[in-house]
Amino acid sequence: MTQTIKANERDLKTVFSDDYLLRIPVYQRPYAWTTEQVDELLDDLFNAVAHDEDSPYFLGSVVLIKSEAAPDSEVVDGQQRLTTLAMLLCVLRELASSPTDEEIDAFIREKGNSLKGTQDRFRLRLRDRDAEFFAEHVQTRGGISKLLKTDSTKLTDSQNRIRDNLSLVWDALRLRTSDEREALTKFAVQQCFLVVVTATDRDSAYRIFSVMNDRGLDLSPTDILKADTIGGLQPQEQESYGAKWEAIEDDLGRDAFRDLFAHIRMIYVKTKLRRTLQADFQEHVLNETPPTEFIDDVLGPFARDYGTVRDASYESTEGAEAVNRHLRYLGRLDNFDWIPPAMAYFKRYGEEQARLLGFTKDLERLAYGFFVRRTNVNERIQRYAEVLNFIEDGGDVTVSESPLQLRDEEKQEVRQQLDGPVYTWVPVARRVLLQRLDSLVSEPDAGAEYTHTTVTVEHVLPQGPPADSEWLEWFPDEGERNAWTHRLANLVLLSRRKNSQASNWGFERKKREYFQRNGVSVFPLTTQVLSEPTWTPQVLERRQRTLLAAFTKEWRLG
């Protein structure tokens, strides 16, 4: 068979049609998109509908193994995007009224034909482990509302991500009018395009995938901006300033160098990226700054400050470690929206250690406040834009009216979230929170450091204690037991992978053989548990008050 490779722009009504029967192979990784990525996609789509609904909107590319004669399509690259788009269509169908719901359903499943001898089949099938779950709880009518009521602790990580993202989309679309949802549906299927790359054989498909994902070979936005900037100089300056540019890029690394430009753009524009990085940077930064001034006074200093806040490598004659400690705490978070304000403040007050300490402490407090409240990216960016304006105007960031400071209602919400079932958060979030808590119960002003390759969060009271165990003697009431299981007081850190069998051991054995290695625990938070002779509701109440007090004192939540 002749090997062929084709690339075509396809709108969603074609991608989710009889032309393609999309199948995600078993070797693909699980669904991994976070609520932040889905929230950003949804926000961008609504923004496009509101401002330019007649223009095409490109969603990126997918790579398929597909013959020209049959619709069967093995997804080599693009499964995250395709899965999320299928979820969006399913939510839109569930919220639509007749006959629109039937029209949307046609993009979700292909109806069987008795004359052809075919049965109904969904246009997208996930990898085998999640296919049945996705079909039953997402693609089948009525499945989403049931899934949103399901206990998240009974689902796998990928299934929880699907559930969390569906919940976000469901809540967001329910707040919209039926006309707005219909407009979004029409825009999605008619104006949203994917670049569909098809190869008839697996080797060709993987070569395409490798080339498309080899960042070292791609022409990045910074390469184009470099050409524009250096090209605008006099010939005698081009060599020296070209060398300066390349030295900065080599020092940071290619990926971090691109991130640097994104952070500088945020400092200048103070809004979420709506266009391309290249277009925004050209208009708002380079058009306002001569090339030599940009390299000497903007790119160079900001690259230095970016390296400092990213690596927590601030240097001073005194007090540098305290500043770096807060930068390390910030670096553990699952987003980097805090970096532009940090860069702007370090650039302005880099020689004033006392100012930097107060700022980094309060920036960490604000960023963790967002983290604990699971604030979406749009709200975070808007608030950090206010902080950037405050810094730019020379304002005192320590005053109560400063946007850097938590508001009273935000403090209250943080306290409520900390007192809730934090284990039900996504794994990275609960681990980061417990690590921060561990630093608070360590030696004063020291802060716990983490060099372990593995750090996991474990329950003391098991999630499913055996019927004949002491756990049920201490917690005979199921409601009380469930209320404590996932809260801070019942959680510890381990420097090993979790052991489901050990999780249900008795308290003494668990402390002796599971919560420590060679007779000790490396985490102060876990060491505290080792000194407890019993694990009763009274112990948990006392421990919960103590741990919440530590957060309240550190982040001034009172």
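The coordinates are above.
Residue positions are counted from 1 within each chain, in the order its sequence is given. The model is predicted, so local features are restricted to residues of pLDDT at least 70 and side-chain atom pairs to those at 80 or more, both for listing and for counting; the totals for chains, interfaces and linings are taken over all residues. The basis for every side-chain value is the complete set of non-hydrogen atoms in the structure, without hydrogens or water.

Undergrad: I'm lost on the nonpolar core in this one. Help?
TA: Leu260, Phe294 and Trp338 are the most contacted members of the largest nonpolar core, which has 83 residues in total. Runs of H or I in DSSP of at least four residues are treated as helices and runs of E of at least two as strands, each being numbered from the N terminus. Counting residues per element, this core draws most heavily on helix H17 (residues 353–373), at 9 residues. Whether two residues are in contact is decided by their heavy atoms, any of which lying within 4.5 Å being enough. Those residues in contact with Phe294 that sit more than four places away from it in its chain are Thr229, Trp245, Phe261, Phe281, Val285, Leu286, Thr289 and Leu299. Nonpolar cores were defined as sets of buried Ala, Val, Leu, Ile, Met, Phe, Trp, Tyr and Cys residues, with membership established by side-chain atoms within 4.5 Å. Relative accessibility under 20% of the residue-type maximum defines a buried residue, over 50% an exposed one, and the middle range a partly exposed one, all with a 1.4 Å probe and only protein chains included.

Undergrad: Please explain the packing of aromatic side chains as it appears in this structure.
TA: Where two aromatic rings form a pair, the distance of their centres and the angle of their planes describe that pair. Here a Phe, Tyr or Trp ring, Trp counted by its six-membered ring, pairs with any other such ring whose centre lies within 6.5 Å, and the pair is stacked when the planes are under 30 degrees apart, edge-to-face when over 60, and tilted otherwise. For the structure shown, the criterion picks out 22 aromatic pairs. Pairing Phe261 with Phe281 gives two aromatic rings, centres 4.8 Å apart and planes at 40 degrees, and the pair type is tilted. Within this pair, whereas Phe261 is found in helix H12 (residues 254–269), its partner Phe281 is found in helix H13 (residues 277–284), the two being separated by 20 residues in sequence. Among the aromatic residues, those joined into a cluster by ring pairs are Trp245, Phe257, Phe261, Phe281 and Phe294. Between Arg355 and the ring centre of Tyr349, over which it is positioned, the NZ or CZ distance is 4.3 Å. As a reminder, the over-ring test applies to NZ of lysine and CZ of arginine, requiring each to be within 6 Å of the ring centre and within 35 degrees of the ring normal.

Undergrad: For this particular structure, what's the right way to read helix H4 (residues 100–108)?
TA: A turn of α-helix holds 3.6 residues, and therefore any two residues three or four places apart point the same way. Along H4, the positions that sit buried rather than exposed are Asp101, Ile104, Asp105, Phe107 and Ile108. Angular distribution of buried residues about the axis of H4 spans 150 degrees; they occupy a single face of the element. Against helix H1 (12–15), helix H3 (79–95), strand E5 (109–110), strand E6 (121–122), helix H5 (128–139) and helix H8 (178–191) lie the buried residues of H4. Working definition: the arc comes from the directions between the helix axis and the C-beta atoms, pointing outward to the latter.

Undergrad: Is there a simple way to think about the sheet that holds strand E3 (residues 57–66) in this case?
TA: Strand pairing within a sheet occurs via backbone hydrogen bonds; the two strands may be parallel or antiparallel. With mixed pairing, 6 strands are arranged side by side in an open sheet as E1-E8-E3-E4-E2-E7. Among the strands making up the open sheet, the edge pair consists of strand E1 (5–11) and strand E7 (124–125). Strand direction decides the pairing type here: E3 and strand E8 (residues 192–199), joined by 7 bridges, are parallel. Note that in E8 the partner of Leu64 across the bridge is Thr198. Whenever a helix is involved, its axis is fitted only over the stretch in contact; in every case the axis is a line through C-alpha atoms, and angles between N-to-C directions fall within 0 to 180 degrees. Strand contacts of H8: E1, E3 and E8, with the helix running at about 35 degrees to E8, the strand carrying the most contacts. Paired strands are those between which DSSP finds at least two bridges.

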